[in-house]
Amino acid sequence: MMSICMSWVVFAHCASSFSLPLPPSLVSILHTSFRRPAPSAALFNNSESNPSMIETSTLPSKEKTTYQTAARIRTQHGHDAAVPHYKQLLFNQYNNVDAVGDTSAASRVAACVDSMKMLRNVGRPYDQRSWENESSRNINQQGSTHHHRQWNSDIQQLHHVLNMSHYHHSAIRQHVFNLPTGTANTSSDDDDSLEQYKNNYPFGPSYVRTLVAGQGVDVLRLIAASSPSTSDATNSNNTWLPSLQILTTLFLLSSCIPKYIFTETLIDGENTLTLLLRLGLVFIFDDETELNLALDEGEKKEWVVPLVHLFPLEIPPLADCGSRTKWRRVLLLTDLHPNVLGLTSIPSTNANGTAGGEEGTVMYIGPDSLALVQHLHASLPKYLSSQSVSRSSSFKILDVCTGSGVQALALLAMLELLRNSNEDRVIMEAVAVDVNERALRFTEFNALLNGFDFDVADSGITCNRTRVCTVRADLLSGEALPRTSKHRSNSHEADKATRLLEELQKKTPKFDFLLANPPFIPVPPIVSDDAALSLRDSTDAANTPRYGLFSCGGSSGEDCLQAIVQMTPDLLANDGLLAIVSEFMNPPLLQSDGTVAMDDVLCTKLEQWWKSFSDNNSTAANGILFTNVNALTSEVYAERRAVPNDDKDLKVWNNHLRREGINSVSPGLLFVKRNGDSERGSRLRVEPRLVPSSIWAPHNVVAVQFTVGELTK
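Thresholds applied
- Residues numbered from 1 in each chain as written.
- Predicted model: local features only at pLDDT ≥ 70, side-chain atom pairs only at ≥ 80, totals over all residues.
- Heavy atoms only, no water.
- Core = buried A, V, L, I, M, F, W, Y, C linked by side-chain atoms within 4.5 Å.
- Buried < 20%, exposed > 50% of the residue type's maximum accessible area, 1.4 Å probe, protein only.
- Helix = DSSP H or I, 4+ residues; strand = E, 2+ residues; numbered from the N terminus.
- Contact = heavy atoms within 4.5 Å.
- Phe/Tyr/Trp six-rings, centres within 6.5 Å; stacked < 30°, edge-to-face > 60°.
- Pairing = 2+ DSSP bridges.
- Axes fitted to C-alpha atoms, helices over the stretch in contact; angles between N-to-C directions.
- pLDDT = per-residue confidence, 0-100.

Asker: Residues and numbers for the nonpolar core, please.
Answerer: Counting 137 residues, the largest nonpolar core has Tyr167, Leu313, Leu415 and Phe513 as its most contacted members. If you tally residues by element for this core, the top one is helix H18 (residues 406-422), at 11 residues. Look past the residues within four positions of Leu313 in its chain and what remains in contact with it is Phe203, Arg328, Arg329, Val330, Leu332, Leu370, Val406 and Ala410. Listed in part, the 37 residues of the second largest apolar core include Val433, Ala516, Phe584 and Leu670.

Here is the structure:
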């Protein structure tokens with residue numbers, strides 16, 4: 001069967017990544033709008049490479065509208081101020097009949113006056129929403145019991161549609177992006193058991209780059225190229241392939257889809273569109289109405305516009321699960337990538353539907369998210385086999401800075417694979433903690449979407465149970481916070497701000513796993529998302545708020561990291577494991593004699609944090625800090641974080657890093673195992689390990705093999 005190859009949206013994470021050729025026959029399917037550039041310029045460059053501009057009287061200065069100026073206005077002055085500029089840019093494409101046009105979700109979300117109102121309802125159960133139209137308001141009048149049943153039923157139906165469309169990573173990788181497939185190797189041999197990670201991207205499509213404003217996809221050509229009737233007329237088993245293509249284009253590439261194509265191509269098209277609209281995952285943008293166009297009947301375009309990403313995570317069988325165990329698939333709802341959404345916060349509403357300030361956006365699934373999943377997955381079987389926790393009838397997980405819940409749900413999936421392979425009756429519980437109310441709603445949505453129910457045990461009957469609950473908390477103040485809206489019975493709410501440790505210990509005295517992907521960027525206050533520090537009215541790019549809740553780790557980048565390490569001794573069970581993925585400031589460096597100093601400054605700092613907070617006298621632990629052998633210098637790091645081609649912003653970053661004493665930065669992983677009661681004292685011993693190649697590269701078998709070897713010693 002011929003499969004459509006979309007490798008032109010694949011990009012390499014590091015030098016060790018394999019590169020994919022561009023298929024010449026398909027390269028013109030994706031290109032920037034208005035003027036068709038050469039293929040090499042069309043693939044990854046933003047629309048500013050296109051010289052096409054529009055004169056518009058809506059600009060106060062009557063300057064020419066480009067995507068760059070529209071984006072600057074949106075960032076500095078807010079969504080509403082930029083709407084007419086994005087409408088003007090979309091309007092202009094109808095003057096060029098030879099171009100596909102701008103199909104990016106980025107442009108139509110930015111051009112829609114009501115998109116922020118719709119975004120605030122994403123992940124919000126029906127009885128918690130602010131309703132914007134009469135039909136939606138009618139749903140809200142049907143009672144809370146109906147809301148709960150309808151909400152659960154709709155999420156289950158969404159899972160069914162995605163499953164029927166084969167919307168999982170192995171199918172996307174093989175049939176959409178034409179990447180190597182491979183299957184998991186269940187051998188217990190070290191080298192063989194890690195072979196599944198090599199050149200395989202086994203966990204998720206981290207290789208996909210979303211469309212930015214100004215880019216477009218020729219959806220008709222995509223569907224034609226992937227249609228079973230053209231690829232293999234004799235194979236009737238692939239009728240789901242066009243539906244998979246539509247969903248991938250919508251929720252991974254962030255491209256709009258013409259409504260008529262959507263309903264005709266997607267499985268159960270009309271009903272599925274109604275479902276997605278009701279759940280608030282998409283909206284309809286009518287070019288004729290929104291852009292004030294007069295179109296002939298054949299030219300009219302209504303677009304299905306995605307408001308979110310749906311990331312298909314796939315957990316391979318663990319090394320000792322045996323051939324009976326299937327892959328565990330997890331779907332994750334997140335906010336749109338910042339390159340698409342263009343904002344780091346979204347207007348919020350209170351429980352009564354009134355305006356309620358702003359909420360941070362929920363982080364997309366990035367290479368750091370997948371790095372912890374991948375390295376933990378590879379080392380988990382051997383780790384559990386050597387620990388007393390493996391004999392437990394229950395696993396308790398704490399996921400701090402949970403975001404979409406990716407770490408908690410991924411580990412639950414891994415433990416579920418072990419449970420199913422051993423036919424054990426095991427209770428698994430995860431507590432997801434975040435300061436962002438929106439993140440907790442997304443986590444609850446994802447738990448339901450993936451069948452991690454809140455309590456599936458029948459009364460009086462012993463059975464397997466997987467439970468997820470949520471806690472809103474501020475790590476920096478150490479307080480558990482009240483929820484800002486109505487919430488599910490599985491969420492844990494303090495009536496007023498209380499000590500976080502007390503609230504967590506009420507839930508469970510100790511946790512077997514403590515996971516964290518904290519905000520880690522050492523952001524200068526001038527570019528943080530703190531309203532008191534952001535100069536929103538300034539025209540300087542350096543003064544715009546670009547880093548939100550999920551990114552900003554405080555001035556040092558270590559605020560949340562320190563809080564997590566400090567609270568761990570009081571929460572981690574004997575033989576429990578702390579696993580953190582983060583960027584680390586001033587990481588261990590290779591010395592001139594080729595060794596690494598065991599008394600490294602960063603490792604010493606982690607050890608001091610461990611014992612500075614706890615009164616527990618039985619918290620001895622051993623840890624390993626994995627960072628890259630080649631750390632980034634502060635100068636290179638500043639260039640990567642500053643606004644491109646902005647000397648002033650680069651100076652802000654360089655000066656800030658210098659003031660903070662940050663000389664180098666490296667991505668990394670920190671693993672700490674608490675020792676049993678036999679080892680008294682509160683000392684943590686952290687040893688540095690330098691990974692020979694990029695530790696976050698999603699298919700880097702060398703890095704995975706290295707960490708597994710060290711962790712299982």
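Asker: For the environment of Leu501, give the residues involved together with the corresponding values.
Answerer: Turning to its location among the elements, Leu501 is positioned in helix H20 (residues 500-507). Under the relative-accessibility criterion, Leu501 is labelled buried at 18%. In this structure the C-alpha to C-alpha distance between Leu501 and Leu571, which are 70 residues apart in sequence, comes to 7.8 Å.

Asker: Can you explain the packing of aromatic side chains? Please cite residues and give values.
Answerer: Where two aromatic rings form a pair, the distance of their centres and the angle of their planes describe that pair. This structure, assessed with the given rule, holds eight aromatic pairs. Consider the rings of Tyr364 and Phe550, whose centres lie 6.3 Å apart with planes at 85 degrees: the pair is edge-to-face. Residue Tyr364 is found in the loop between strand S9 (355-360) and helix H17 (367-385), and its partner Phe550 is found in the loop between strand S15 (511-516) and helix H21 (559-567); the two are separated by 186 residues along the sequence. Owing to a relative accessible area of 24%, Tyr364 belongs among the partly exposed residues under this scheme. You can call Phe550 partly exposed: its relative accessible area is 21%. Between Phe626 and Phe706, the ring centres sit 6.2 Å apart and the planes meet at 80 degrees, which makes this aromatic pair edge-to-face. One end of the pair, Phe626, is in strand S17 (residues 621-628); the other, Phe706, is in helix H25 (residues 701-711), and 80 residues separate them in sequence. A relative accessible area of 0% means that Phe626 is categorised as buried.

Asker: Give me the sheet that holds strand S3 (residues 257-258): which residues, what numbers.
Answerer: Strand pairs in the sheet, formed through backbone hydrogen bonds, run parallel or antiparallel to each other. An order of S3-S5-S4 is seen for the three strands of this open sheet, with the pairing classed as antiparallel. In this open sheet, the two edge strands, each paired with only one partner strand, are S3 and strand S4 (282-286). As paired elements, S3 and strand S5 (residues 302-306) share two bridges and run antiparallel to each other. Of the residues in S5, the one forming a bridge with Ile257 is Val304. Packing of helix H14 (residues 269-279) onto the sheet brings it into contact with S4 and S5, and relative to S4 it is tilted by some 105 degrees.

Asker: Please set out the confidence of the model for the protein residue by residue, giving values where relevant.
Answerer: Within the protein, residue pLDDT values average 76, and 69% of them lie at 70 or more. By mean pLDDT, the top-scoring element of the protein is S4 (96), and the lowest-scoring one is helix H1 (residues 39-44) (25). Note that residues 133-137 has pLDDT below 50 and, in this model, two contacts with residues that lie over four places away or in other chains. Note that residues 229-234 has pLDDT below 50 and, in this model, six contacts with residues that lie over four places away or in other chains.

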